[in-house]
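Now for the letters of each chain:
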Amino acid sequence: MKRVLIPLQGAQMLFVAFGALVLMPLLTGLDTSVALFTAGFGTLLFQLVTKRQVPIFLASSFAFIAPILYGVQTWGIPATMGGLMAAGVVYMLLGLSVKLRGTGFIHRLLPPVVVGPVIMIIGLGLAPVAVNMALGKSGDGSIIIIEQNTALFISLAALMTTVLVAVFAKGLVRLMPILAGILVGYGASLAFGIVDFTPVTQAEWLAMPNFVAPEFNWHAILFMIPVAIAPAVEHIGDILAISNVTGKDYLKKPGLHRTLTGDGIATIAASALGGPPNTTYSEVTGAVTLTKSFDPRIMTWTAITAITLAFVGKLGALMQTIPVPVMGGIMCLLFGSIAAVGLNTLIRHQVDLSEPRNLSIVGVTLVFGIGGMAFGIGSFSLTGISLCGIVAILMNLILPTVKKPHSDETH
């Protein structure tokens, strides 16, 4: 009986992750079937590196949405994939550093005062894209795809459903707010008659995912490398979370160096095939918490299910029929939530913004990111998240830490 239950539990875990997994490639112009394949393949590689000890699933990372959008527009998908492979190498180097120097190294290089504002920029930098899509326009606002009033009704339906499910739903349903928002928004789109099923009718039932080989462009590589900061820190948080859930210390066994390396190898493999970078999925960790399904073999079957679905051509085509306002409505919450995570990082670690050093790091990082600051030398330029990440790290390393005088006041 247990042999039958494990594959079914694996399929259930994929259902929990499905909405977020496919949303990321839909937003960035990547292939959803490739994203499914690389999520499954990446998870299997992660399990190989970590000796299948951690019950966790890897899939599309939202932290890379803005960089991928910029990279695809600037250098194309192949060069963007090359840059993302370099970000995976950063994970592996961090894993090596942890093995050689311990976890304190990462906390010194990437303290909350650096990570918080960088994560906030990832969310806030995408706010105009979310609003434009919610209003039925292209991401840059240059093309009107769907009439504004119709688009607004659909996007608000998707947004409110996502919010209501996240806040009021119980059990497993509460872990699937994005999927619920997509379904309701899609239903509203059908009612307005704006869904085009031509791609679905033309697609084959069985089809090879549209894999894309990477190209290596130094501009794209240098742009993507600093972006690995936020998801690397997120990875540590997720490993701590799953450790608390299962009662096992995965930072020691298999070790943070192995989990970071596994995440890096999964991201390199995903990018080599044209898929989005992988990250540990909090939704699945939530499902593990709820179901008490701690057996890592379940995630093996989640990965196998994802790889199998990647070859269903009509499923990939169906994903492409989701109208722009549906995604725009969900993005309004999603990107705001990312920014809130960055803010919460500062609050949770009690970063004192009355301290000029901290205020300088956070303030400069936010203005550079939101204002679109760019530094360029010749044909090379830094902008957006990559610039913010480098500036925040450098300011943290250069500015002296001011020790506050001891106070006997009781707070």
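Scroll up for the structure.
Residues numbered from 1 in each chain as written. Predicted model: local features only at pLDDT ≥ 70, side-chain atom pairs only at ≥ 80, totals over all residues. Heavy atoms only, no water.

Draft legend 1. Highlighting the overall build of the protein. Tallying secondary structure elements over the protein gives 19 helices and four strands in all. Computed over the C-alpha atoms, the radius of gyration of the protein is 21 Å, within 12% of the 22 Å expected from 2.2 N^0.38 for a compact globule of 411 residues. Counting only C-alpha atoms and orienting by the principal axes, one finds that the protein spans roughly 70 × 55 × 50 Å. Sequence separation of at least 24 residues holds for 81% of the intrachain contacts in the protein that already meet a minimum separation of 6. As displayed, the protein has an accessible area near 18,300 Å², and 67% of this comes from carbon and sulfur atoms. For the protein, the distance from the average site of its 21 positive side-chain charges to the average site of its 16 negative ones is 14 Å. (Helix = DSSP H or I, 4+ residues; strand = E, 2+ residues; numbered from the N terminus. Rg over C-alpha atoms; globule rule 2.2 N^0.38 Å. Contact = heavy atoms within 4.5 Å. Areas by Shrake-Rupley, 256 points an atom, 1.4 Å probe, with all protein chains shown as cover. Lys, Arg positive; Asp, Glu negative; His and termini not counted. Charge placed at Lys NZ, Arg CZ, Asp CG, Glu CD.)

Draft legend 2. Here's a closer look at the side chain of Thr261. In this structure, Thr261 sits in helix H13 (residues 251–272). Assessed through its relative accessible area of 19%, Thr261 is described here as buried. If we skip the residues at most four places from it in the chain, Thr261 touches Val49, Met92 and Gly95. (Buried < 20%, exposed > 50% of the residue type's maximum accessible area, 1.4 Å probe, protein only.)

Draft legend 3. Representation of the side chain of Thr280. Summarising the element assignment, Thr280 is placed in strand S2 (residues 278–280). Exposure remark for Thr280: the relative accessible area of 1% places this residue in the buried category. Among all residues touching Thr280, those that are not within four sequence positions of it are Ile56, Phe57, Leu58, Glu234, His235, Asp238 and Asp263.

Draft legend 4. Just the packing of helix H9 (residues 177–192) against helix H17 (residues 324–348), in detail. Relative orientation of the contacting elements H9 and H17 amounts to 150 degrees, with a least axis distance of 9 Å. Classified by the angle between their axes, H9 and H17 sit roughly antiparallel to one another. Along this stretch, H9 crosses H17, giving a crossing that reads as right-handed. Two secondary-structure elements touch here, H9 through Ile178, Gly181, Ile182, Gly185, Tyr186 and Ser189 and H17 through Val326, Ile330 and Leu334. Class assignment for the residues of the contact of H9 with H17 results in six nonpolar, three polar and no charged. (Axes fitted to C-alpha atoms, helices over the stretch in contact; angles between N-to-C directions. Parallel < 35°, antiparallel > 145°, perpendicular 65-115°, else oblique. Left-handed = near helix turned anticlockwise from the far one by under 90°. Nonpolar A, V, L, I, M, F, W, Y, C, P; charged D, E, K, R; others polar.)

Draft legend 5. Broad picture of the environment of Thr267. Relative to the elements of secondary structure, Thr267 occurs in helix H13. You can call Thr267 buried: its relative accessible area is 1%. For the pair formed by Thr267 and Ala87, sequence separation is 180 residues and the distance between their alpha carbons is 7.9 Å. Not counting the four nearest positions on each side in its chain, Thr267 is found in contact with Leu84, Gly88, Tyr91, Pro277 and Asn278.

Draft legend 6. A look at the environment of Ile268. In this fold, Ile268 is placed in helix H13. Overall, Ile268 belongs to the buried group, its relative accessible area being 19%. Among all residues touching Ile268, those that are not within four sequence positions of it are Met85, Gly88, Val89 and Met92.

Draft legend 7. Representation of the packing of aromatic side chains within the structure. Counting across every chain of the model gives eight aromatic pairs. Between Tyr70 and Trp75, the aromatic rings sit 5.7 Å apart at their centres with planes inclined by 80 degrees, giving edge-to-face as the arrangement. Between Tyr70 and Phe223 the ring centres are 5.0 Å apart and the planes differ by 35 degrees, which places this aromatic pair in the tilted class. Residue Tyr70 is located in helix H3 (residues 65–75), and its partner Phe223 is located in helix H11 (residues 218–224); the two are separated by 153 residues in the primary sequence. The exposure class assigned to Tyr70 is partly exposed, which follows from its relative accessible area of 31%. Grouping aromatic residues by their ring pairs yields a cluster made of Phe37, Phe41, Phe211 and Phe311. Cation over ring: Lys314 sits above Trp205, and NZ or CZ is 5.6 Å from the ring centre. (Phe/Tyr/Trp six-rings, centres within 6.5 Å; stacked < 30°, edge-to-face > 60°. Lys NZ or Arg CZ within 6 Å of the ring centre and 35° of its normal.)

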